[in-house]
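As a plain string of letters, each chain reads:
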Amino acid sequence: MIVKAQKIHKSFGSLEVLKGVDFEVEKGEVLAIVGASGAGKSTLLQILGTLSTPDEGTLEIDGSTIFGGSRKADEAALCEFRGKHIGFVFQAHHLLPEFTALENVMIPALIAGRSRKDAQDEAQALLAEVGLSERAGHKPSELSGGEAQRVAIARALVNKPAVVFADEPTGNLDSATKQEIHRLFFDLRDRLGQTIIVVTHDPELAALCDRTLTMKDGRFV
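Reading guide: rules and limits
Residues numbered from 1 in each chain as written. Predicted model: local features only at pLDDT ≥ 70, side-chain atom pairs only at ≥ 80, totals over all residues. Heavy atoms only, no water. Helix = DSSP H or I, 4+ residues; strand = E, 2+ residues; numbered from the N terminus. Rg over C-alpha atoms; globule rule 2.2 N^0.38 Å. Buried < 20%, exposed > 50% of the residue type's maximum accessible area, 1.4 Å probe, protein only. Contact = heavy atoms within 4.5 Å. Areas by Shrake-Rupley, 256 points an atom, 1.4 Å probe, with all protein chains shown as cover. Lys, Arg positive; Asp, Glu negative; His and termini not counted. Charge placed at Lys NZ, Arg CZ, Asp CG, Glu CD. Axes fitted to C-alpha atoms, helices over the stretch in contact; angles between N-to-C directions. Parallel < 35°, antiparallel > 145°, perpendicular 65-115°, else oblique. Left-handed = near helix turned anticlockwise from the far one by under 90°. Nonpolar A, V, L, I, M, F, W, Y, C, P; charged D, E, K, R; others polar. Phe/Tyr/Trp six-rings, centres within 6.5 Å; stacked < 30°, edge-to-face > 60°. Pairing = 2+ DSSP bridges.

Okay, the overall build of the protein chain next. Counting secondary structure elements, the protein chain contains 7 helices and 10 strands. Expected size for 221 residues packed as a compact globule is a radius of gyration near 17 Å; at 17 Å, the protein chain falls within 12% of this value. Per-residue burial for the protein chain yields a buried fraction of 48% across its 221 residues. Considering only residue pairs separated by 6 or more positions, the protein chain has 70% of its internal contacts joining residues 24 or more positions apart. Summing over all exposed atoms, the protein chain offers an accessible surface of approximately 10400 Å²; the carbon and sulfur share of this is 49%. Positive and negative side-chain charges in the protein chain, numbering 25 and 31 respectively, have mean positions lying 2 Å apart.

Here's what the structure looks like:
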């Protein structure tokens, strides 16, 4: 089990957003979380990604207890864990405009303390995996939307994370490019054994996933 969450609760003021969510995902699984806006999907994703702390409940990722039990959330420790074990892909690619595609992919590896050569070798290999070797020296402004999202996916993978969380990863893309990114997720799972959890409103992407969970009013239904 790569991710296991039990009885996750989260409130904002008097609004209870998550109401005792239980969640598990296996290694190599591509799982979709769907539901109407306001159902709690993004809040759950933030907690699973260690970006937010639950009010109650436990979370284990790749054998490590992150929240719950006797463990107290320490932001420095969470940040280090996040950098080494979790990858993120967002609707907007969030590439740094002053750096090339290669440099953008390298940055998380350098932050994690890897040597420049190791980071560069891994980044080049991943750009090849996503079909962008020839675009490695280009800056984000010189890339199409689909190419930029491919760079963002490579960046999410550079530290060989236990799990990648993708929040509406194709929300800003045209239909043809969406299908390319959809295929890429499953190619990466097949080639690298990558576990991927996707929050999406896209029924086509959800239908492709190994499993789909639907959220409603802070719970899975």
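The next thing to look at is unusual backbone geometry. Of note, the phi angle at T50 is positive, near 65 degrees, even though the residue is not glycine. Counting through the fold element by element, T50 comes out in the loop between α1 (41–48) and β4 (56–61). Given the relative accessible area of 2%, T50 is considered buried. Backbone geometry at D217 places phi at a positive 50 degrees, although glycine is not the residue there. With respect to the element layout, D217 can be found in the loop between β9 (211–216) and β10 (219–220).

Interhelical geometry of helix α3 (residues 101–111) versus helix α5 (residues 145–157) gives an angle of 25 degrees and a closest axis separation of 7 Å. The angle between the axes of α3 and α5 places the two elements in the roughly parallel class. Helix-helix and strand crossings are classified by hand; for α3 and α5 the assignment is right-handed. On α5, the residues that touch A101, N104, V105 and P108 of α3 are V151, A154 and R155. Here the residues of the contact of α3 with α5 sort into 5 nonpolar, 1 polar and 1 charged.

Let's shift gears to the packing of aromatic side chains. This structure, assessed with the given rule, holds 3 aromatic pairs. Connected via pairs of aromatic rings, a cluster forms that spans F88, F90 and F165.

Read across the open sheet, the 4 strands follow the order β2-β1-β4-β5; overall the sheet is antiparallel. In the strand order of this sheet, the two ends are held by β2 (15–25) and β5 (64–67), each with one partner. In this sheet, adjacent strand axes meet at a mean angle of 25 degrees when their direction is disregarded. Bridge analysis of strand β1 (residues 3–12) against β4 gives 5 bridges, and the strand direction is antiparallel. Counted as the bridge partner of V3 is I61 from β4.

Any link to function would need more than the numbers given here.
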